[in-house]
Amino acid sequence: MTQEKQRTALVIYHSNTGNTATLAKEAAATLEDMGWAVNQTPLEKAPKIFPGGNPDLLLMGTPIHFWQVPVPAMEMIRKLPNFPGAGAFVFLTYGTVFDGNAPHQLAVEVEKKGAKVLGGASVLSPHNFKMTPDQRLGDLYEDFGKGQPDQQVLADFRAAVRAAASKVESGVQDFNIKDLRSPKPVITFLDGLMPVSMQKKALPKVTWVEESCKDCGMCVENCTTGSIRSVNGKITTNHDTCYRCYQCLWTCKSQARTVNLSAMAGVLRGLKKVVKNPGTRIMV
Ligand SMILES: Cc1cc2nc3c(=O)[nH]c(=O)nc-3n(C[C@H](O)[C@H](O)[C@H](O)COP(=O)(O)O)c2cc1C
């Protein structure tokens, strides 16, 4: 009797505050339970070449920032090697505003790499901004964090990963990424109008509050794009290369990194009134 070759999966994820990383772990555990060999890597540490060649299934996860796949994640995905012939599953987490067209946007990027998307999930997740004490960014999201993803959502998510893996095992490729589009056609339309290069320019710039700064270097160390520098105790930010991931806002413990979100707050408040949050969407 010939023994079946062990299937391989690669889980690549981007996560600032842990929600997407939690789902990445769930996905990996689900596949290991199925007897698959699984590798996991944060997107920023993903190698340029994956030893052992293409996985049978690529799982790509990101948060949703301003109803889009975050710009730094998009840029990093574009620098990954291609995955011709691999099956793929996309997963995203978002708070209580809405998920826009991000699942479809991520699926398009993954298919540009030569993988065939077999399903996806857009998972409503706890908001876990760590902004204190005089809330700024987090003020907007006072009703984030309702205990999601709950056990039922996690069970649905695991079932979706299993379904995608079973498709690989049986050679079924019946999924159309159009199913990942926003349930609101107008969102899909508007989304297509703004290229990634313009998205970051539309987002507010981070500023430096000199009198609060302890020059601890955390913002410089944690900047995902190397845009922050400390020169003679003065912190400078290159706004051309800054991707507005706002990671420095969390890592700064002395409130010396701030962002004026008043314009964005208005947009978000308006959006929450007119766009119904679609909740967790799982498509396989
Ligand atoms: C800069 C930024 C923008 C965000 N924009 C949205 C949004 O447009 N819609 C939404 O529902 N949640 C939004 N969120 C909430 C995140 O999508 C949510 O907390 C996500 O689960 C974070 O994933 P992570 O913990 O893996 O980083 C935003 C969060 C941040 C930090």
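So, how was this worked out
Residues numbered from 1 in each chain as written. Predicted model: local features only at pLDDT ≥ 70, side-chain atom pairs only at ≥ 80, totals over all residues. Heavy atoms only, no water. Helix = DSSP H or I, 4+ residues; strand = E, 2+ residues; numbered from the N terminus. Buried < 20%, exposed > 50% of the residue type's maximum accessible area, 1.4 Å probe, protein only. Contact = heavy atoms within 4.5 Å. Areas by Shrake-Rupley, 256 points an atom, 1.4 Å probe, with all protein chains shown as cover. Pairing = 2+ DSSP bridges. Axes fitted to C-alpha atoms, helices over the stretch in contact; angles between N-to-C directions. Near = heavy atom within 4 Å. Polar contact = N/O pair within 3.5 Å; in protein donor to acceptor, adjacent residues only side chain to side chain. Nonpolar A, V, L, I, M, F, W, Y, C, P; charged D, E, K, R; others polar.

With an unreviewed UniProt entry as reference, the chain is termed Flavodoxin, source organism Desulfatibacillum alkenivorans DSM 16219.

Q: Where do I start with the overall build of the chain in this structure?
A: Scanning the chain for helices and strands turns up 9 helices and 10 strands. Classification of the 284 residues of the chain by burial places 50% in the buried group. When contacts within the chain are restricted to residue pairs at least 6 apart in sequence, those whose partners lie at least 24 apart make up 82%. Accessible surface, the chain: about 13,800 Å² in total, of which carbon and sulfur atoms supply 53%.

Q: How should I be thinking about the sheet that holds strand E2 (residues 37-42) in this particular structure?
A: Sheet architecture is open: 6 strands sit in the order E2-E1-E3-E4-E5-E10, paired in mixed fashion. Because the sheet does not close on itself, it has two edges, and the strands there are E2 and strand E10 (281-283). Put simply, the sheet's adjacent strands are angled 15 degrees from each other on average, direction ignored.

Q: Quick question: what am I supposed to make of the site of the ligand here?
A: For the ligand, the set of nearby residues contains 23 residues, the closest of which are Ser-15, Thr-17, Thr-20, Ile-64 and Trp-67. Residue Trp-67 places a main-chain N or O atom 2.7 Å away from an oxygen atom belonging to the ligand. Phe-98 places a polar main-chain atom, nitrogen or oxygen, 3.1 Å from a nitrogen atom of the ligand. Here the ligand loses 98% of its free accessible area of 640 Å² to cover by the protein chains. For the shell around the ligand, the secondary-structure elements that each account for two or more residues are helix H1 (19-33) and strand E4 (87-94). For the shell around the ligand, the class distribution of residues is 12 nonpolar, 11 polar and no charged.

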